[in-house]
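# Summary of the model geometry
Here is what each chain is made of, one letter per residue.
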Amino acid sequence: MASVFHRPSLIYGAAIALRLTLLIYGAWQDAHSAVKYTDIDYLVFTDAARYVARGESPYARDTYRYTPLLAWLLVPTASPGPFFFAFGKVLFALSDVLAGWLIARRLVSSYGMEPARALKYASVWLLNPMVANISTRGSSEGLLCVLIVALLCAALSRRVVLAGVLLGLAVHLKIYPFVYAASIVWWLDREREVSATATTTSPSGGSGSSGNGVAGKLIAFITPARIRLALAALTTFTALNITMYLLYGEPFLQHTYLHHLSRIDHRHNFSPYSSLLYLVAAGDVQTGWRFESLAFVPQLVLSVVVIPLVLGKRCLAGTMLAQTFAFVTFNKVCTSQYFLWYLIFLPFYLPRSSLLRQPRRGITVAVLWVVSQALWLQQGYNLEFLGQSSFVPGLFLASLGFFAVNCWILGIIVTDVGCLSVQSEGRVKAKGRVE
Amino acid sequence: MRRRITLLQHASTPYDPTQAHVSPDALSLRTLDAAREDRTTFALDEIPSELQKALQSCYQFHVRWASERPAGAPAPFASRVSSGLHVLFTPGEGDGDGAALCQTLKQVFGDEVDCVSPEASFITPPILSTRFAASASAQFYTRLPSLGSLAAYIERSVCSSSSDPDNCRAQAEALRSADSLDINYDSISHALTVSGFWASAPQGGWTEEIAKPVRKGTDQIEVGLLGAEPAKEPEEIKMGGLLGVVGNDDQLKPTLFSFPARHHGLPDEATYSVSSPPPTGLHPTMTITLPQASLHRPPAPPDATCALHTYLTLPSTIFGDKYQLSTTDPLFLSSHNLAALRAVAGETDLEAPDWSVSRWGSTWLLELATPDPTSEEWNVTVPLHLRYLKPSESGIRSAAVPWPVVFWACTAEDGTKMGVNPFDRANLGWDGLFGPRTMFYQLHPAPQPGAPLVEELEVPVLRLENEGLFQGKVIELATVAVISLGFVWVLWKLGLVVRGSGGGADAKKREKRGKAE
């Protein structure tokens, strides 16, 4: 069984073959059935790319809510013919495979894993049918995921400026990766900070100089690497936004960013907030607390503040997984493509997780995650296709149930990552270098 | 005020000269079985001042109303609109007060007319046609099952100052049973015409005495007893019968005339029916069923090209996906028996809930695919989507969708002038989407006996009980409680991690570093 993973060409070959098969099957289904394999979002991208190819704004296409970069990238799809039409899907699928390759490499170099074992865990992503399905249907999440993995790799190998550029680009592409700024900043230079605080605090020793200690810590916190990361990220992000604003003006701001602030998200989705938001949007709330306007508080407290602070110095990948999981779980809107955002980190987390050490727990987690989702999907089906009024209690309880399961899983992830020794990643890396 | 009464008899209906008797003062009708159009033309100073004001702010203004009861539409009255109230207008130059128009519509047709202002409530149809009297630039629709409000308004505001109040009231009352109603005004003629149409006579036929007008000179009543006859040219309608002006003519005079017509009738068997097969869910499919008789090419000139079309009038609760429907994918189109989406206007936002949509809805012109005439029955399907509606106590809200109109459109020979038709009807919403020389052949809607020409869809919404377990407050508090619990749980787990490091991470780190060094 393990021998398969000793032959990378076999695994990458299988990953590519899986995607190629789905691409060809998708093209066949699109050509022979009125029910299309291609995702509607892909039609939005390609329509926008056609506008861009004609020198017009991608925002001329309704519901195009992405950076113009994506439309530019897909300009070849504006050419006639099925091969060009599939260009974007090929690009997304290749990004998937590239992300898997980066994962496997990083597991070896930063976690000291045997290449075969690394490939086995990378296969959680590479050979995952859900991942291959999403990118071959033409969803751009694969593109984002390869950026996030690259960001993680750049940070782990301390290529700070590259990490900053990737972070700026990722936030420009989809807003949520900004949460990673907190964990990467906290993780970078953790050793230097530890030694710096050790030297500044040990001579003074007594309790009287705590003010000095805080200031010292603060000064120690601002390291050249952190400054370079921040500058690189901010410069990239700002430069991209200014360029896009100059090119496309107000519609760029409106559709890429402001839309996400003003959207109501009244439609049913996995988020625990969805029933409440429907009530609020329809003007039918009674207590007048406007709790939903505070929804960002638990979400950001966890994903930007507490999780990076508590876990950031132990394991960067694990922290990023916990952050993403918290961000998606506590988000005001949640659809199944958001699950890819944390799935990408599983190969880094699983090798040292209690889910594999205690198979019973691992299976319970997997089953509960799938079952609670299936319960929601069934209620959603009853609503959308059978016309039953399943908002309450069906969808309401199902989304709260799914939320509870996710919180429990997040608790396990947090505990697992918290059990890792502080410098696990650094140590391995150091070892790797010596060897 | 001029009134024109047209009584249209079917060729097979028996007629006896004593059924229309002319005297110096009146024309009496007795048990006359006929369809009837009653058209009254007012000068501006003959109508209430608030109406005058509203009309003067318009360049042109048209109302088209059709009953929810199925009714015949014999030529030359063959054209149809979806049941309900359609308002089409072009604002005039200058600063007309838009809100005043909506105010007037509410006054005249009742408070259920959900109109705030033309800017906020009307949609702008894409006009292709540039005919002499250009099509209106703004369009409004609302469901309106009855003309009761209009009849009451006329009795209240018009008849009180009328020269013949009793006759005025009788005419207003008669509108309550009309099958369709047209109101037209344009700023060139400065005249307002109101036409009611009754597809069939009341029980026992038309029996009434039409008195000569009280005010001689300005007022006139013209009566025609007509029947359609076979025309020589396929684009023409030929009519023959008797005409007379009440009080002027001592007998009805025979007449025979023909004219090119925009709208033509089709045989009674050329029908269609509309259904939404359950379960409709949030994505109902409108199904238009056409029997074989509806699929024959209409009797247009042989060199004309004809295509079957449907024109959907969709209230804001329901909409089509314009990207889905405008596709050129032959698989999608043939799976629905559609040929192409020809025009769309109005609220086509794919995400907005109904309560955030201010305009009344949308209109869709679709060209339909047609099979070889040998096939038995033909189903055309239009995939539609429902908007989110506000929560309700039952968990269900109703969305009413009027049946679309279905018709053949054929290109006519160059030079055909449709405007000379004394019964011409334009500004129906869909006619302006075709070239000015197009001829239309209308199919007849045929619902189940007793059923209206409106599909009532059940829309699932959030069920909000006033008492009991699932009140709004419970949803709100339970959401807050569960999210807070989840939040605290994760924080607690994080707290355990911090405590588990034993006296702070730093101590351990230092210890380890010391060892390493």
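Residues numbered from 1 in each chain as written. Chains lettered and ligands numbered in written order. Predicted model: local features only at pLDDT ≥ 70, side-chain atom pairs only at ≥ 80, totals over all residues. Heavy atoms only, no water.

Condition: UniProt positions are given in the numbering used here, feature names are shortened, and annotations may be inferred rather than shown by experiment.
An unreviewed UniProt entry lists chain B under the name Protein PBN1, with Aspergillus campestris given as the organism. Its UniProt record gives chain B the following Pathway (unreviewed entry) comment, quoted word for word: "Glycolipid biosynthesis; glycosylphosphatidylinositol-anchor biosynthesis."

Chain A is annotated in an unreviewed UniProt entry as GPI mannosyltransferase 1 from Aspergillus campestris. Annotation of chain A in UniProt includes, under Subcellular location (unreviewed entry), the sentence "Endoplasmic reticulum membrane".

### Quick word on the environment of leucine 85 of chain B
Residues and elements named next belong to chain B. Inclusion rule: The helix count covers DSSP runs of H or I at least four residues long, the strand count covers runs of E at least two residues long, and both are numbered beginning at the N terminus. Between two residues, a contact is recorded if the distance between any of their heavy atoms is within 4.5 Å.
Within the fold, leucine 85 resides in strand β6 (residues 84-91). With 309 residues separating them along the chain, leucine 85 and serine 394 place their C-alpha atoms 29 Å apart. Leave out the neighbours within four places in its chain, and leucine 85 touches Val63, Arg64, Trp65, Phe109, Val113, Phe140, Tyr141, Thr142 and Leu144.

### Points about the domain arrangement of chain A
All names here are of chain A. Just so we agree on the cut-off: Domain boundaries shown here were taken from an automatic or database domain assignment. Buried area is calculated as the accessible area (1.4 Å probe) missing from two parts once they are joined, with the contributions of both summed.
Annotation of chain A at the domain level lists domain 1 (139-193 + 219-262) and domain 2 (267-427). Placing a centre on the C-alpha atoms of domain 1 and another on those of domain 2 gives a separation of 23 Å. In this complex, domain 1 contributes 23 residues to the contact, which on the side of domain 2 involves 24 residues. Across the interface of domain 1 and domain 2, roughly 2,200 Å² is buried in total on both sides, 76% from carbon and sulfur atoms.

### Focus on the confidence of the model for chain A
All names here are of chain A. Under the convention used in this document: pLDDT expresses, on a scale from 0 to 100, how confident the predictor is about each individual residue.
On average, residues of chain A carry a pLDDT of 86, and 90% of them reach 70 or more. Taken element by element, the predicted model of chain A shows its lowest mean pLDDT in helix α23 (residues 424-434) (43) and its highest in helix α17 (residues 316-329) (95). Confidence drops under a pLDDT of 50 for residues 196-210, and excluding neighbours within four residues, the segment shows five contacts in the predicted structure. With pLDDT under 50 throughout, residues 426-435 is counted as low confidence; its partners more than four residues away or in other chains account for nine contacts.

### Brief notes about the UniProt feature "transmembrane region" (unreviewed entry) in chain A
Residues and elements named next belong to chain A. Here the UniProt-annotated "transmembrane region" (unreviewed entry) positions come out as residues 9-28, 83-104, 143-161, 167-188, 227-248, 294-312, 324-350 and 391-414. Strand forms 0% of residues 9-28 and helix 100%; the C-alpha atoms that close the span are 27 Å apart. Span residues 167-188 is 73% helix and 0% strand, its end C-alpha atoms 14 Å apart.

### A short note on the interface of chain B and chain A
Put simply, the rule reads: Whenever Lys or Arg places a side-chain nitrogen within 4 Å of a carboxyl oxygen from Asp or Glu, that contact is recorded as a salt bridge. Nitrogen and oxygen atoms within 3.5 Å of one another constitute a polar contact, given that in protein one can donate a hydrogen and the other can accept it, and given that sequence-neighbouring residues count only through two side-chain atoms. All residues other than Ala, Val, Leu, Ile, Met, Phe, Trp, Tyr, Cys, Pro, Asp, Glu, Lys and Arg, Gly among them, are scored as polar; the first ten of these are nonpolar and the last four charged.
Counting residues at the interface gives 53 residues for chain B, matched by 67 residues for chain A. Both sides together, the interface formed by chain B and chain A hides about 5,500 Å², and carbon and sulfur atoms give 70% of it. The tally of links from chain B across to chain A stands at three salt bridges. Across the salt bridge formed by arginine 65 of chain A and glutamate 351 of chain B, the nearest N and O atoms sit 3.3 Å from each other. At the boundary of chain B with chain A, the tally comes to 14 residue pairs in polar contact (both at pLDDT 80 or more). Elements represented by at least two residues in the side of chain B that touches chain A include exactly α6 (322-325), α7 (330-336), α8 (472-500) and α9 (505-516) of chain B. Residue contributions to the side of chain B that touches chain A peak at 19 residues, all from α8 of chain B. Looking at side-chain class alone, the side of chain B that touches chain A contains 32 nonpolar, eight polar and 13 charged residues.

### With respect to the state of the cysteines
Residues and elements named next belong to chain B. As a reminder of what qualifies: Whenever a pair of cysteine sulfur atoms sits within 2.5 Å, that pair is classed as a disulfide. Exposure categories follow from relative accessible area, calculated using a 1.4 Å probe and restricted to protein chains: below 20% of the type maximum is buried, above 50% is exposed, and the middle band is partly exposed.
What the rule picks out here adds up to three disulfides over all chains. The residue that forms a disulfide with cysteine 159 is cysteine 168, at a sulfur-sulfur distance of 2.0 Å. Taking the sign of the S-S torsion, -80° for the link of cysteine 159 and cysteine 168, the bridge is left-handed. Relative accessible area serves as the criterion here: at 0%, cysteine 159 is assigned to the buried category. Residue classification places cysteine 168 among the buried positions, given a relative accessible area of 12%. Between cysteine 306 and cysteine 410 runs a disulfide, and the two sulfur atoms are separated by 2.1 Å. One disulfide, between cysteine 306 and cysteine 410, carries an S-S torsion of 115° and so falls in the right-handed class.

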